[in-house]
Structures are given as C-alpha cells and as structure tokens.
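Structure at a glance
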Amino acid sequence: MSDPNSSPADDQFFQVGKYQIKVVRNMCIGAATCVAVSPSTYKLDSDNKAVVQTAGTDTPENILMAAQSCPTRAIVVVDTETGKQVWP
Ligand code: SF4
C-alpha cells in the first residue's frame, strides 16, 4: 500500500483542522463529489474510494460542504472541540 492514508480494513478518523473526518469505505461509491469540492482534503485511492488528506488547505466550511455533497453520506464529520458529530 503506497498511500499511508489508505486503510481499507478500518474506517479511521483523521484530524483536519477543527474537524475529525472519516470515510466509511463500504459506503463510498467513488463518485468523487467530495474531491471536486475539497480537492486538497479528499482524494480517491487506487480502489476508487475517498481518503482523507490531513495537510490540505481547504477551509472548514468547504470540508463540511464536501461531506454534505456526498451522495451516499459516506463522510462522517465530528467537531473536535465539542466532540459532536456535525455530519451526517
Ligand atoms: S463523494 Fe462520497 S461516494 Fe463520492 S468519493 Fe467522496 S466519499 Fe466517496
């Protein structure tokens, strides 16, 4: 596995700015809407599943909008400060 962020076995949260984000891999259909909205935070791996990149430059609003744009609601977003899930 060349991509350290790609872990098909477990859906892992990644800290990105104020959010913790994970992609539920078995819900991701590779539609890439998230990649189109936040190209520095999400990318598709070799299995056509979205993975989270932690060093991106997208704004929190943009990152959340990307999650909300996912047709299968595969992206889970948690506010790190409050511990509350903000999406879905
Ligand atoms: S928008 Fe959803 S289904 Fe499409 S690649 Fe992103 S996480 Fe996967």
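Before reading further, recall that the structure is shown in the block above.
Cut-offs and rules
- Residues numbered from 1 in each chain as written.
- Predicted model: local features only at pLDDT ≥ 70, side-chain atom pairs only at ≥ 80, totals over all residues.
- Heavy atoms only, no water.
- Helix = DSSP H or I, 4+ residues; strand = E, 2+ residues; numbered from the N terminus.
- Buried < 20%, exposed > 50% of the residue type's maximum accessible area, 1.4 Å probe, protein only.
- Contact = heavy atoms within 4.5 Å.
- Areas by Shrake-Rupley, 256 points an atom, 1.4 Å probe, with all protein chains shown as cover.
- Pairing = 2+ DSSP bridges.
- Axes fitted to C-alpha atoms, helices over the stretch in contact; angles between N-to-C directions.

1. Describing the overall build of the chain
Secondary structure assignment for the chain yields two helices and six strands. When the helices and strands of the chain are listed from N to C terminus, the series reads β-β-α-β-β-α-β-β. Within the span of the chain, comprising 88 residues, buried residues form 41% of the whole. For the chain, contacts bridging at least 24 residues in sequence account for 49% of all contacts bridging at least 6. Surface accessibility of the chain: about 4800 Å² in total, with carbon and sulfur atoms responsible for 52%.

2. Details of the sheet that holds strand β5 (residues 75-79)
In space, the four strands of this open sheet follow the order β1-β2-β5-β6, with antiparallel pairing throughout. Each edge of the open sheet carries a strand with a single partner, namely β1 (14-16) and β6 (85-87). Neighbour-to-neighbour, the strand axes of the sheet open up by a mean angle of 35°, direction not taken into account. Summarising the sheet, strand β2 (residues 19-23) and β5 pair through five bridges and their orientation is antiparallel. Within β5, the residue paired with Val 23 across the bridge is Ile 75.

3. Thoughts on the pairing of β2
Counting buried positions along β2 yields four of five residues, so the element is predominantly enclosed. The sheet contact formed by β1 and β2 spans three bridges and is antiparallel. Note that in β2 the partner of Val 16 across the bridge is Tyr 19. Two successive antiparallel strands, β1 and β2, enclose a turn made up of two residues, where Gly 17 displays a positive phi of approximately 60°.

4. Quick notes on the pairing of β5
Most of β5 sits out of view: five of its five residues are buried. Where burial is concerned, the two faces of β5 agree: the one with Ile 75, Val 77 and Asp 79 and the one with Val 76 and Val 78 are both buried. Alignment of β5 against β6, held across two bridges, turns out to be antiparallel. Each bridged residue has a counterpart across the sheet, and for Val 77 the counterpart in β6 is Trp 87.

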